[in-house]
Amino acid sequence: MPDRSAAARILVPAPARAAQGRRAGVVTRCTAAVVDLLVACVGVVGLYAAWAAVLFLLRPRAFHFPDPGQGWLLTALLCLLTAYLAFAWMTSGQTVGDRLLGLRVVNRHGQLPGAGLALVRAVLCVLFPILLFWVAVSRQNRSVQDLLLRTSVVYDWTAQGPGRR
């Protein structure tokens with residue numbers, strides 16, 4: 001069986017290897033958050049398209065595009081984003097944005113957060129995104145959500161993250 005750490009050393013550039021396991025800064029985390037918001041927006045657009053397609057199939061002659069209103073679209077976006085973040089963090093510790101930027105969410109033991117912790121963290125991140133910017137002034141590079149829940153966002157370029165404890 002090949003040594004996974006040797007393969008990781010080959011695939012990960014030397015400057016990135018030096019940061020492996022360190023807490024991520026505000027720019028990297030904000031970039032990942034923007035990517036994740038775009039993923040959620042694409043999801044909402046997909047749900048809207050599916051809804052419109054079902055309406056068309058049910059009544060093609062009377063079809064018109066539905067107008068859910070801004071409130072429903074915002075609610076759908078926030079709910080979808082929360083579910084997406086929570087599921088990604090509890091299963092792999094990484095969202096699409098995290099994976100692109102080499103980040104992983106871990107609990108205080110360096111393990112994947114459980115379902116409850118991941119859900120609470122996702123709700124806090126979605127409802128209070130401004131608290132992410134505490135990373136810029138924190139010596140530990142931790143957001144308010146991280147401080148409250150004892151989680152961390154670390155650089156991790158490995159394909160297989162930490163397991164559960």
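Summarised in this report is the structure supplied together with it. Bear in mind that the values here come from a model prediction, so they are computed numbers and not experimental data.

## Let's talk about the side chain of D98
- Considering the arrangement of structural elements, one finds D98 in helix 5 (residues 96–101).
- The residues contacting D98, other than those within four sequence positions of it, are A32, D36, W89, G93, L103 and V105.

## So, the environment of W51
- Secondary-structure assignment places W51 in helix 3 (residues 26–58).
- On the basis of relative accessibility, which here comes to 39%, the residue W51 falls in the partly exposed class.
- For the pair W51 and P66, spaced 15 residues apart in sequence, the C-alpha separation works out to 8.2 Å.
- Setting aside its immediate chain neighbours within four residues, W51 contacts P66 and P68.

## Quick notes on the pairing of strand 2 (residues 152–155)
- Because side chains alternate across strand 2, one face comprises the buried residues S152 and V154, and the other comprises V153 and Y155, equally buried.
- In the sheet, strand 1 (residues 103–106) pairs with strand 2 via 4 bridges, with the strands oriented antiparallel. Bridged to R104 within strand 2 is V154.

## Quick look at the pattern of salt bridges
- Applying the stated criterion to the full structure yields 3 salt bridges.
- The closest approach of N and O atoms between R29 and D146, which form a salt bridge, is 2.8 Å. Of this pair, R29 sits in helix 3 while D146 sits in helix 7 (residues 144–149), and the two are 117 residues apart along the sequence. Of the two residues, R29 and D146, neither departs from the other in class, the shared state being buried.
- Between D156 and R104 there is a salt bridge; the shortest N-O distance is 2.5 Å. Here D156, found in the segment after strand 2, pairs with R104, found in strand 1; they are 52 residues apart in sequence, far enough to count as distant.
- Owing to a relative accessible area of 1%, R104 belongs among the buried residues under this scheme.
- Each of R29, R121 and D146 takes part in salt bridges that share partners, so that together they form one network.

## Notes on the environment of D156
- A residue is classified by how much of its surface remains accessible, and D156, at 9% relative accessible area, is buried.
- Along the sequence, D156 and L101 sit 55 residues apart, while their C-alpha atoms lie 8.9 Å from each other.

## Considering the environment of R142
- With respect to the helices and strands, R142 occurs in the loop between helix 6 (115–127) and helix 7.
- Measuring from C-alpha to C-alpha, the distance between R142 and V154 comes to 9.9 Å, with 12 residues separating the pair along the chain.
- Here R142 is in contact with R23, R29, W134, V135, L147, R150, T151 and S152, once residues within four sequence places are set aside.
- Only 3.4 Å separates the side chain of R142 from the backbone oxygen of D146, close enough to count as a polar contact.
- Among the polar contacts made by the side chain of R142, one reaches the main-chain carbonyl oxygen of T151 at a distance of 2.9 Å.

## Focus on helix 4 (residues 70–91)
- Between its first and last C-alpha, helix 4 extends 31 Å over 22 residues, near the 32 Å set by a 1.5 Å rise per residue.
- Those residues of helix 4 that are buried are in contact with helix 3, helix 5, strand 1 and helix 6.
- The positive-phi residue at the C-terminal boundary of helix 4 is G93, with phi of around 80 degrees.

## Side note on the nonpolar core
- Core analysis: the biggest nonpolar cluster contains 18 residues, and L81, L85, W89 and L103 have the highest contact counts within it.
- Counting residues per element, the ones that place at least two in this core are helix 3, helix 4, strand 1, helix 6 and strand 2.
- The dominant element in this core, judged by the number of residues it contributes, is helix 4, at 6 residues.
- Not counting residues up to four positions away in its chain, the partners in contact with W89 are Q94, T95, D98, V105, L112, P113, A118, R121, A122 and C125.

So, how was this worked out
Residues numbered from 1 in each chain as written. Predicted model: local features only at pLDDT ≥ 70, side-chain atom pairs only at ≥ 80, totals over all residues. Heavy atoms only, no water. Helix = DSSP H or I, 4+ residues; strand = E, 2+ residues; numbered from the N terminus. Contact = heavy atoms within 4.5 Å. Buried < 20%, exposed > 50% of the residue type's maximum accessible area, 1.4 Å probe, protein only. Pairing = 2+ DSSP bridges. Salt bridge = Lys/Arg side-chain N within 4 Å of Asp/Glu carboxyl O. Polar contact = N/O pair within 3.5 Å; in protein donor to acceptor, adjacent residues only side chain to side chain. Expected span 1.5 Å × (residues − 1). Core = buried A, V, L, I, M, F, W, Y, C linked by side-chain atoms within 4.5 Å.

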